[in-house]
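This is what each chain is made of:
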Amino acid sequence: MRVTLFALALSFLGWALAAQSVYISADMEGVAGISATDDPMGRRLMTAEVNAAIAGAFDAGATRVVVNDAHGGHNNLLQDALDPRVTLLRGNLKPYGMMQGLDGTFTAVMFIGYHGKAGSLGGFAAHTGSGRTADLRINGVSVGEGGMNALYAAWYRVPVVFVSGDSLAVAEMQGLIPGLPGVAVKTGIWNRAVRTLSPDSATAAIRRGVADAVRAAAPTQPTLRPPFTVEFEYSTPLYADITEGIPWLERTGPRTLRYTVDEYPAAYRMIRVLYKHITP
Ligand SMILES: [Zn+2]
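Residues numbered from 1 in each chain as written. Predicted model: local features only at pLDDT ≥ 70, side-chain atom pairs only at ≥ 80, totals over all residues. Heavy atoms only, no water.

Caption draft 1: Just the overall build of the chain, in detail. Each helix and strand counted, the chain has seven helices and 12 strands in total. For the chain, whose C-alpha radius of gyration is 19 Å, the value lies close to the compact-globule estimate of 19 Å for 280 residues. Across its three principal axes, the chain shows a C-alpha extent of roughly 70 × 45 × 35 Å. When each of the 280 residues of the chain is scored for burial, the buried share is 51%. In the chain, 69% of the contacts between residues at least 6 apart in sequence involve partners at least 24 apart. Accessible surface, the chain as shown: approximately 12400 Å² in total, 57% of it carbon and sulfur. Seen as two clouds, the 24 positive and the 23 negative side-chain charges of the chain have centres 3 Å apart. (Helix = DSSP H or I, 4+ residues; strand = E, 2+ residues; numbered from the N terminus. Rg over C-alpha atoms; globule rule 2.2 N^0.38 Å. Buried < 20%, exposed > 50% of the residue type's maximum accessible area, 1.4 Å probe, protein only. Contact = heavy atoms within 4.5 Å. Areas by Shrake-Rupley, 256 points an atom, 1.4 Å probe, with all protein chains shown as cover. Lys, Arg positive; Asp, Glu negative; His and termini not counted. Charge placed at Lys NZ, Arg CZ, Asp CG, Glu CD.)

Structure (structure tokens):
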């Protein structure tokens, strides 16, 4: 009896290790076919790419897929057109924003529809968090949304396994996580035009790429080195005038604030306050 229970426990452990629980953070500017931030087809095309990623994850044996709508008001994905196997996080005011709901129970993170960071040359609609950000540096490294979100995943020891979006977003992520599988679905021409794959080609490539990445499940994480020193540089001194009143923060320049914390989720939450919840 004891041997049988032991064998059962082992087989359960094997199943648990093999089971893939996938977390998707989905943005919109890096979705194929979109060439304006208010593109009338944006929601539909974003939903199609997310559905392709969900399908790829289940193709490769995932047992749970959660998607977090992480663009603008976080209310873009067409709920009734989503793959019914997914769980959706929707709505804007979430403490951890683009990474809300991720914890150590997941086995893989992927980013869909990501875009270049603030200040990128040739980055379609490039920004970090919002138009208020000129640059975001964490322990001296300039990062975009993909970088700051990958560090959040690393805090929970969940590997980032795949990225899709514009070519700058994919390059940034592969710079941070060498060898990370990625699909670049378009390239910016200046800041308001793109050269893009067709939506059908993009979704096919994403489905294939995600399935391969989930099967490979390579342990891909950026290196985490607490404590975390965040330097947040605004596009104008006006925003820094306001947020320097937060006791954590040290003003280090006309447009720049700095703080240091040991826990990455706390660093992340403050970054989100600084770029999003400041209104002069
Ligand atoms: Zn974004």
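Caption draft 2: A look at the packing of aromatic side chains. Across all of its chains, the model carries 11 aromatic pairs by this definition. Taking the centre distance of 4.8 Å and the plane angle of 50° together, the rings of Tyr152 and Tyr268 count as tilted. Residue Tyr152 is found in helix H3 (residues 145-155), and its partner Tyr268 is found in helix H7 (residues 264-276); the two are separated by 116 residues along the sequence. The pair formed by Tyr152 and Tyr268 is uniform in burial state, with each residue classed as buried. Aromatic pair Trp248 and Tyr259: ring centres 5.7 Å apart, planes at 40°, arrangement tilted. Highlighted residues: Trp248 in the loop between helix H6 (237-243) and strand E11 (250-253) and Tyr259 in strand E12 (residues 256-261), separated in sequence by 11 residues. Relative accessible area serves as the criterion here: at 3%, Tyr259 is assigned to the buried category. Each residue in the set Tyr96, Tyr152, Trp155, Tyr156, Phe228, Tyr264 and Tyr268 is aromatic and connected to the rest through ring pairs, giving one cluster. Taking the ring centre of Phe106 as reference, the NZ or CZ of Arg64 above it sits at 4.0 Å. (Phe/Tyr/Trp six-rings, centres within 6.5 Å; stacked < 30°, edge-to-face > 60°. Lys NZ or Arg CZ within 6 Å of the ring centre and 35° of its normal.)

Caption draft 3: Spatial organisation of the environment of Ser235. Summarising the element assignment, Ser235 is placed in the loop between strand E10 (228-234) and H6. Of the residues examined, Ser235 reaches a relative accessible area of 39% and is grouped as partly exposed. Counting along the chain gives 104 residues from Ser235 to Gly131, while the straight-line C-alpha distance between them is 7.6 Å. Beyond its immediate chain neighbours, meaning those up to four positions away, Ser235 contacts Gly131, Arg132, Thr133, Ala134 and Arg255.

Caption draft 4: Representation of the coordination of the zinc ion in the model. Around the zinc ion, the protein contributes the donor atoms Asp27 (OD), His115 (NE2) and Glu145 (OE), which lie 1.9 to 2.1 Å from the metal centre. Counting along the primary sequence, the residues that act as donors to the zinc ion give the motif D-x87-H-x29-E. With Asp27 in the loop between strand E1 (20-26) and helix H2 (42-59) and His115 in the loop between strand E4 (108-114) and strand E5 (133-138), this residue pair connects regions lying 88 residues apart in the sequence. A relative accessible area of 3% places His115 in the buried class. (Donors = N, O, S within 2.8 Å, 3.2 Å for Na, K, Ca; no water.)

Caption draft 5: Quick peek at the pattern of salt bridges. Applying the stated criterion to the full structure yields 10 salt bridges. Notably, a salt bridge pairs Arg215 with Asp212, separated by 3.9 Å at the nearest N-O pair. Pair noted here: Arg215 and Asp212 are both in helix H5 (residues 199-216), with a separation of three residues, about one helical turn. For Arg215, a relative accessible area of 52% puts it in the exposed group. Each of the salt bridges in this network shares a partner with another, and the network as a whole consists of Asp135, Arg137, Glu231, Glu233 and Arg255. (Salt bridge = Lys/Arg side-chain N within 4 Å of Asp/Glu carboxyl O.)

Caption draft 6: Up close: the packing of H3 against helix H4 (residues 167-176). One can describe the packing of H3 onto H4 by two numbers: an axis separation of 9 Å at closest approach and a directional angle of 40°. In terms of axis orientation, H3 runs oblique to H4. In the packing of H3 onto H4, the handedness of the crossing is right-handed. Note on element contacts: H4 touches H3 through Glu172, Met173 and Leu176, opposite Gly146, Gly147 and Ala150. Across the contact of H3 with H4, the residue classes tally to three nonpolar, two polar and one charged. (Axes fitted to C-alpha atoms, helices over the stretch in contact; angles between N-to-C directions. Parallel < 35°, antiparallel > 145°, perpendicular 65-115°, else oblique. Left-handed = near helix turned anticlockwise from the far one by under 90°. Nonpolar A, V, L, I, M, F, W, Y, C, P; charged D, E, K, R; others polar.)

Caption draft 7: Structural detail: the sheet that holds strand E8 (residues 182-189). Across the sheet, seven strands lie side by side as E3-E2-E1-E4-E7-E8-E9; this open sheet has mixed pairing. In this open sheet, the two strands that pair with only one neighbour each are strand E3 (87-89) and strand E9 (193-196). Neighbour-to-neighbour, the strand axes of the sheet open up by a mean angle of 20°, direction not taken into account. The pairing of E1 with E4 spans five bridges and is classified as parallel. From the neighbouring strand, Tyr23 faces E4, where its bridge partner is Val109. Sheet contacts for H5: E1, E4, strand E7 (160-166) and E8; angle to E7, the most-contacted strand, approximately 165°. (Pairing = 2+ DSSP bridges.)

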